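# Remarks on the overall topology
Here are the chains, one letter per residue:
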Amino acid sequence: MKRLLCLLCGILSLCCYAGRVTDIVELRIAPAKGGWITKTGNEVEFKILCTESNIGIDGAEVQYEISEDLMQPHKTGTVKLKNGEALVKGGTMKMPGFLRCKAVCKINGQTYSALGTIGFSPEKLEPTTQCPADFMEFWQKNIEQARKPELNPEMTLLPEKCTKTVDVYQVSYSVGTSRKRFYGMLAMPKAEGKYPAMVQYPGAGIYAIDAPISFAEQGIIAMAVGIHAIPNNLDASIYRDLDGGILGTYPTLNMDRRDDYYYKQVIQGAVRAIDFIETLPQFNGCVATYGGSQGGYLSIAVASLHPSVKYLAANFPAMSDLAGYANGRAGGWPHIFKNKDNCTPALLKNLSYYDTVNFARNINVPGFYAFGYNDLTCAPTTTYTVYNIVTAPKTLYTAPLAGHFTLTEQAAAEREALIGFLKECN
């Protein structure tokens, strides 16, 4: 018994030690002076730091490039490390936005890279995407169309996924005149009572989604919704085939036809997910939307279109200020206008009906927003623009070193805010 305890303690110590291991060589970038935010017109300098086992490396060459957010580099060069540090003059920005330094070096045959991004008066960023005069009329008409057939909700209990306190269902409901069925995974507290609800929207891609059980364990009806009208219990190979085939280009499918663009049915189905929640007898009338990237986009869109939504949480929303590229700065994922051939008046007008900034203009509920400055997918220029256009009560949690993900602290604060609001909402 004593030997077993010693063995277990040894394993535990090894696990704890392993959890603290980092790369032997670390390459980082920080502002040489001040913080990650400055004012337009200020000159900035980036400090490159490179250590091996926490000791500064001398003499190694570091290649660097300076660029505005997602734009081509306008300055490149090489610097030598001294005591593990090197300075690079970044210049300035005359307009609000983000300036990025990328550093690359080779140590002991391995290549390391790092990013550092400084914001210039980002609180003053404004959308480049225009808002059509009939924006809300367009969407009200399409939501009415989505509701023409009966919702016809279906719920199938999945005993193998249930826990002691939570029931899990695969659910589906009908959307639009084509009666296409959208699918979701629902986690419901087992105890009798009335509960608030949360609908989670997915990031981009074709895959099966899981039920957000951890929210249900906190006394919340929690549903994760798919957007492709595909059940969640198919073989993994089917999702791969769809991703590599007919649905592989869905973010741009029919983008040249406003009324047939793929995201029209996506938003219709996302709105109907709230309608589904409202059919549940356990629902207490308070519902929030939640998601990141594509899911952040849908969280904002649905909150602006469905009057029952009381709160939203959106991380680095996609589809944000898509027209940025046509105006000399970063545009939102899926970066349609990075291809200059796409920058036609007709396509710019079509996609303005789907742009996050135009949904954000109509937000009237409180929300939590989070993103990072090193996000190369949903650029901070675009996500900060969305945040700025929101006039409803809002909380912002940025992480200068984060890419296309939320850091632990961001996720924890967002979860606390979301659950806290729902618990107090009646």
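Quick caveat, the model's predicted, so the values are computed rather than measured.

### Quick look at the pattern of salt bridges
Scanning the entire structure with this criterion turns up eight salt bridges. Across the pair Asp260 and Arg257 runs a salt bridge whose closest N-O atoms are separated by 3.2 Å. A residue is classified by how much of its surface remains accessible, and Arg257, at 40% relative accessible area, is partly exposed. Within the structure, one salt-bridge network assembled from shared partners comprises Arg147, Arg272 and Asp275.

### Section: the packing of helix H2 (residues 135-146) against helix H5 (residues 262-278)
With their axes 10 Å apart at the nearest point, H2 and H5 run at an angle of 65 degrees to one another. Regarding the angle of H2 to H5, the classification is roughly perpendicular. Taken as a pair, H2 and H5 cross one another with a handedness that is right-handed. Counting all contacts with H2, which are made through Trp139, Asn142, Ile143, Gln145 and Ala146, the residues of H5 involved are Tyr263, Lys264, Ile267, Gln268, Val271 and Arg272. Residue classes in the contact of H2 with H5 are distributed as six nonpolar, three polar and two charged.

### Description of the sheet that holds strand S8 (residues 97-107)
Taking strand neighbours across the sheet as the criterion, the five strands line up as S2-S9-S8-S5-S6 in an open arrangement whose pairing is mixed. One side of each edge strand has no neighbouring strand; the edge strands of this open sheet are strand S2 (37-38) and strand S6 (75-80).

### Things to note about the sheet that holds strand S17 (residues 367-372)
Strand-to-strand pairing in sheets goes through backbone hydrogen bonds, with the strands running parallel or antiparallel. The mixed open sheet is built from nine strands, whose spatial order is S10-S11-S12-S14-S13-S15-S16-S17-S18. Both edges of this open sheet fall to strand S10 (154-157) and strand S18 (394-399), since each of them pairs with a single strand only. The average undirected angle you get between the axes of adjacent strands in this sheet is 20 degrees. Its contacts with the sheet place H5 against S10, strand S11 (166-175), strand S12 (180-189), strand S13 (195-201), strand S14 (221-225), strand S15 (283-292) and strand S16 (309-315), and it is angled at close to 130 degrees to S11. Contacts between helix H6 (residues 294-305) and the sheet are confined to S13, S15, S16 and S17, with S15 contributing the most and set at about 140 degrees to the helix.

### Concerning unusual backbone geometry
Of note, the bond from Trp333 into Pro334 is cis; its omega dihedral lies within 30 degrees of zero at 10 degrees. Among the secondary structure elements, Pro334 is positioned in the loop between S16 and helix H7 (345-352). Notably, Ser53 is not glycine yet its phi reads approximately 55 degrees, a positive angle. Counting through the fold element by element, Ser53 comes out in the loop between strand S3 (44-52) and strand S4 (55-56).

Rules behind the numbers
- Residues numbered from 1 in each chain as written.
- Predicted model: local features only at pLDDT ≥ 70, side-chain atom pairs only at ≥ 80, totals over all residues.
- Heavy atoms only, no water.
- Salt bridge = Lys/Arg side-chain N within 4 Å of Asp/Glu carboxyl O.
- Buried < 20%, exposed > 50% of the residue type's maximum accessible area, 1.4 Å probe, protein only.
- Axes fitted to C-alpha atoms, helices over the stretch in contact; angles between N-to-C directions.
- Helix = DSSP H or I, 4+ residues; strand = E, 2+ residues; numbered from the N terminus.
- Parallel < 35°, antiparallel > 145°, perpendicular 65-115°, else oblique.
- Left-handed = near helix turned anticlockwise from the far one by under 90°.
- Contact = heavy atoms within 4.5 Å.
- Nonpolar A, V, L, I, M, F, W, Y, C, P; charged D, E, K, R; others polar.
- Pairing = 2+ DSSP bridges.

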